[in-house]
Amino acid sequence: MKALNNGLILIVDDNPTNLSVLSRTLKSAGFNIRVAIDGESAIELVNCEPPDLILLDVQMEALDGFETCSILKANPATQKIPIIFITALADPQAKIKGFAVGAVDYITKPFYEAEVIARVSVHLQLSFLTRTVTEQAIALQKANQELQNLIYIDSLTQIANRRQFDTCIEREWRRLAREQAPLALILCDVDYFKKYNDCYGHIAGDICLQSIAKALMRAVTRPADLVARYGGEEFGIILPNTNTEGAIRVAERIQAEIEQLQILHSQSEVSAYVTVSLGISSQLPHREMSTEKLIAAADRALYCAKQQGRNTYCICDRF
């Protein structure tokens, strides 16, 4: 944290005597001082070199203190700078107006040096503490997000991992059981992927899986849908509120996206390019059954697609 006596303070007053008194008082306490003689020049100075705190005279020609404060508080880049009004006005309504436009405090004329230093020090301390807390909160939020990524994101493909898949399918199963709406699942397996790795190497295999993951994400467009790496070269696509016909349309989009990749696969027995086999199942969830039944049905459909020569999809809607 910046030391308080190193804080930069901008004093804004069109009275040279007031500027001199305040500058001398605060400099003697170790603060860095900038001065402005009107609201317009104050705004320019703040935009060029934002101070840590502003002492702002209320009664000035042209742009008065209230207007100057309002302009600074309307700018996201300067709105968090604390502003203390300096005034000879004893009218409570003037003070209320000052707080309404964003001031944090008032210092009245004539000045008492100890009071000026005390109020400036307190508000600098509050400002620095608030900034520190904000920075720590942002850092904590970032750390939490990184932790969530470690827990729920597949490190290779940067899509959902098996843990997130398991969490999502259980949540959607319970929700759709209450709503009595269908839940579809597609299991997707890269055809002859072991032969691809053996031929092109594991680095090429990783790149292939990353490309397929991106293709799956392009094919699955709804926010509620989830594309996950299910394991190895297998992916799972969870489709809430989706019947068999809807799942088939998604499977066909997946096949089209994979085809457009044109990833060469000289060892494939079905194509010169990388292809996928897909197993589809859609069920109306209910509490007496588990997600294992839906996954098993999709797995049987995937096995059927492989048995039929791969590079195709099959459907299994029976448990």
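This text goes with the structure placed above it.
Summarised in this report is the structure supplied together with it. (Residues numbered from 1 in each chain as written. Predicted model: local features only at pLDDT ≥ 70, side-chain atom pairs only at ≥ 80, totals over all residues. Heavy atoms only, no water.)

Moving on: helix H3 (residues 65–74). Along H3, the positions that sit buried rather than exposed are Gly 65, Phe 66, Thr 68, Cys 69, Leu 72 and Lys 73. In a view along the axis of H3, the buried residues occupy a sector of 165°, so they form one face of it. Looking at the buried residues of H3, the elements they touch are helix H2 (39–48), strand S3 (53–57), strand S4 (83–87), helix H4 (92–101) and strand S5 (105–108). Near the N-terminus of H3, the side chain that reaches the backbone nitrogen of Phe 66, with its oxygen 3.1 Å away, is that of Asp 64. (Buried < 20%, exposed > 50% of the residue type's maximum accessible area, 1.4 Å probe, protein only. Helix = DSSP H or I, 4+ residues; strand = E, 2+ residues; numbered from the N terminus. Arc of directions from axis to C-beta. Contact = heavy atoms within 4.5 Å. Polar contact = N/O pair within 3.5 Å; in protein donor to acceptor, adjacent residues only side chain to side chain.)

With that settled, consider the packing of H3 against H4. The axes of two packed helices give the description: the angle between them and the distance between them. Here H3 crosses H4 at 15°, and the two axes come no closer than 9 Å. It follows that H3 is roughly parallel to H4 by the angle criterion. Note that H3 runs across H4; the crossing there is left-handed. Taking contact as the criterion, the partners of Phe 66, Cys 69, Ser 70 and Lys 73 in H3 are, on H4, Ala 94, Lys 97, Gly 98 and Val 101. Residues belonging to the contact of H3 with H4 are distributed by class as follows: four nonpolar, two polar and two charged. (Axes fitted to C-alpha atoms, helices over the stretch in contact; angles between N-to-C directions. Parallel < 35°, antiparallel > 145°, perpendicular 65-115°, else oblique. Left-handed = near helix turned anticlockwise from the far one by under 90°. Nonpolar A, V, L, I, M, F, W, Y, C, P; charged D, E, K, R; others polar.)

Okay, helix H8 (residues 202–219) next. Structural remark: α-helix, 3.6 residues per turn; residues separated by three or four positions point the same way. Here H8 is 18 residues long and its end C-alpha atoms lie 25 Å apart, about the 26 Å a rise of 1.5 Å per residue gives. Within H8 the residues assigned to the buried category are Gly 205, Cys 208, Leu 209, Ile 212, Ala 213, Ala 215, Leu 216 and Ala 219. One side of H8 carries all its buried residues, which in axial view fall inside an arc of 165°. In H8, those exposed residues whose orientation departs by more than 90 degrees from the buried face are Ile 203 and Lys 214. For H8, the secondary structure elements touched by its buried residues are strand S6 (183–190), helix H7 (193–200), strand S7 (226–231), strand S8 (234–240) and helix H9 (244–261). (Expected span 1.5 Å × (residues − 1).)

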